[in-house]
Amino acid sequence: MELDRWILGHEAPIRLGFFFGTFLVMAVWETLAPRRARRLSRLVRWTNNLGLVFFNSFLLRLIFPAAAVGMALFAAEHGWGLLNHYAVPFWVAAPLAVAALDLVIYLQHVLVHAVPLLWRLHRVHHADPDFDVTTGARFHPLEILLSMLIKFAAIAVLGPPVVAVVVFEVLLNATAMFNHGNVRLPARVDRVLRWLVVTPDMHRVHHSVEDDETNSNFGFNLPWWDRLFGTYRAQPRGGHEGMTIGIRGFTAPREVSWLPGMLWLPMRGPVTGYTINRRQWSDDRG
Ligand SMILES: [Zn+2]
Ligand SMILES: [Zn+2]
């Protein structure tokens, strides 16, 4: 409990430290060994994408000051959730909780692709015409708030150890920045690594303009859910250098790359494309 309270008091600096550390490593890596040529300058991308990230962080702190860690501590003190109720030992509960929370994030990601209204919010993440470390945290504020509410619900049901929640949050943040990196990894390394963690080549498939590729590789951290639930796609058809990133019909820089346009993006246009009720089959299929 002492450790839990200390973590709660230092949650922000812990997370910020890992955020800036990972960001720095990825930014240097992207400069030294980029995977694809950038469409927009780093200055424009970083100013707007990071502007959104800082706005979201501020908003979250304002609305949910104790964040997920506070929810976990509350659950622990009140005996809420399966892992608290059954007094599961820490060394079992911690890894189990990290994996379970990751599964929830995977399911949430599938959900925001499948439900037309939620896809409108999630479009902000996909409309980025480039794919780099700043894409990893580029989400509409309403999606960020929705995500936090889902996390609260999951924590209330699961009752994870407080430490596990911090580890999960730091891990998810770091892996999201890693797997959105515009970096080149040797094919052999990627093949092995993607059994353990979602790699940049694996997640880049998810940012393709092609519908079937967009609806693949929903994982952010652990790569197993996609393989288990049948949403895994190894490589993009056009190759990593040849594929187009973004959403068809959303290309005006004012709409997809500048902060005010990004915030307004959910209001734009009809919901078309690849939500669950849009797939069409022709009868003359062989
Ligand atoms: Zn997505
Ligand atoms: Zn992504």
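Just above, that's the structure.
What you see is a predicted model, and the numbers here were worked out from it, not measured in a lab.

Calculation criteria
- Residues numbered from 1 in each chain as written.
- Chains lettered and ligands numbered in written order.
- Predicted model: local features only at pLDDT ≥ 70, side-chain atom pairs only at ≥ 80, totals over all residues.
- Heavy atoms only, no water.
- Core = buried A, V, L, I, M, F, W, Y, C linked by side-chain atoms within 4.5 Å.
- Buried < 20%, exposed > 50% of the residue type's maximum accessible area, 1.4 Å probe, protein only.
- Helix = DSSP H or I, 4+ residues; strand = E, 2+ residues; numbered from the N terminus.
- Contact = heavy atoms within 4.5 Å.
- Phe/Tyr/Trp six-rings, centres within 6.5 Å; stacked < 30°, edge-to-face > 60°.
- Donors = N, O, S within 2.8 Å, 3.2 Å for Na, K, Ca; no water.
- Tetrahedral: all angles 85-135°; square planar, octahedral: opposite > 155°, others 65-115°.
- Axes fitted to C-alpha atoms, helices over the stretch in contact; angles between N-to-C directions.
- Parallel < 35°, antiparallel > 145°, perpendicular 65-115°, else oblique.
- Nonpolar A, V, L, I, M, F, W, Y, C, P; charged D, E, K, R; others polar.
- Salt bridge = Lys/Arg side-chain N within 4 Å of Asp/Glu carboxyl O.

Caption draft 1: Summary view of the nonpolar core. One finds Leu 101, Met 148, Ile 155 and Val 165 to be the most contacted residues of the largest nonpolar core, which totals 33 residues. For this core, the secondary structure elements donating two or more residues are helix H3 (42-63), helix H4 (67-77), helix H6 (90-114), helix H8 (141-158) and helix H9 (162-179). If near-sequence neighbours (up to four positions away) are discounted, Val 165 is found in contact with Ala 68, Val 69, Ala 72, Leu 101, Ile 155 and Pro 160. Membership of the second largest hydrophobic core comes to 13 residues, among which are Phe 23, Ala 27, Met 177 and Leu 185.

Caption draft 2: Fine view of the packing of aromatic side chains. Counted by the stated rule, this structure contains nine aromatic pairs. With a centroid separation of 5.1 Å and 65° between ring planes, the pair formed by Phe 23 and Trp 46 is classed as edge-to-face. Of the two residues, Phe 23 is situated in helix H2 (residues 11-32) and Trp 46 in helix H3; the sequence distance between them amounts to 23 residues. You can call Phe 23 buried: its relative accessible area is 11%.

Caption draft 3: Focus on the coordination of the zinc ion (ligand 2). Bound to the zinc ion (ligand 2) on the protein side are His 125 (NE2), His 180 (NE2), His 203 (NE2) and His 207 (NE2), at distances that span 2.1 Å. Classification of the site at the zinc ion (ligand 2) as irregular follows from its four donor atoms and the range of 89 to 160° in their angles at the metal. Here the donor residues of the zinc ion (ligand 2) share one chain and are spaced in sequence as H-x54-H-x22-H-x3-H.

Caption draft 4: Up close: the packing of H6 against helix H7 (residues 116-126). Axis separation between H6 and H7 bottoms out at 6 Å; the angle between their running directions is 110°. With respect to H7, the axis of H6 lies roughly perpendicular. Facing H6, whose interface residues are His 109, Leu 111, Val 112, His 113 and Ala 114, H7 presents Pro 116, Leu 118, Trp 119, His 122 and His 126. Partitioning the contact of H6 with H7 into residue classes produces six nonpolar, four polar and no charged.

Caption draft 5: Region of interest: the pattern of salt bridges. Using the criterion set out here, one finds 20 salt bridges in the structure. Lys 151 serves as the salt-bridge partner of Glu 169, at 2.7 Å between the closest nitrogen and oxygen. One end of the pair, Glu 169, is in helix H9; the other, Lys 151, is in helix H8, with 18 residues separating them in the sequence. Across the pair, Lys 151 and Glu 169 agree in class, each one buried. Among the salt bridges present, the one from Arg 248 reaches Glu 210, with a minimum N-O distance of 3.3 Å. Within this pair, whereas Arg 248 is found in the loop between helix H14 (239-242) and helix H15 (253-256), its partner Glu 210 is found in the loop between helix H11 (200-204) and helix H12 (211-214), the two being separated by 38 residues in sequence. Among the residues examined, Glu 210 registers a relative accessible area of 29% and is labelled partly exposed. A network of salt bridges, in which partner residues are shared, links Arg 38, Arg 45, Asp 128, Asp 130, Asp 132 and Arg 138.

Caption draft 6: Region of interest: the coordination of the zinc ion (ligand 1). Taken together, the protein ligands of the zinc ion (ligand 1) are His 109 (NE2), His 113 (NE2), His 122 (NE2), His 126 (NE2) and His 206 (NE2), with distances of 2.1 to 2.2 Å. Here the zinc ion (ligand 1) and the zinc ion (ligand 2) are spaced 5.6 Å apart. Here His 122 and its partner His 126 are both found in helix H7, four residues apart, which amounts to about one turn of the helix. Taking the relative accessible area as the measure of exposure, His 122 reaches 1% and is therefore buried.

Caption draft 7: Representation of the environment of His 109 in the model. Examined against the element boundaries, His 109 turns out to sit in helix H6. For His 109, a relative accessible area of 3% corresponds to the buried category. Beyond its immediate chain neighbours, meaning those up to four positions away, His 109 contacts His 122, His 126, His 203, His 206, Phe 218 and Phe 220.

Limitation: the analysis is restricted to geometry and does not speak to function.
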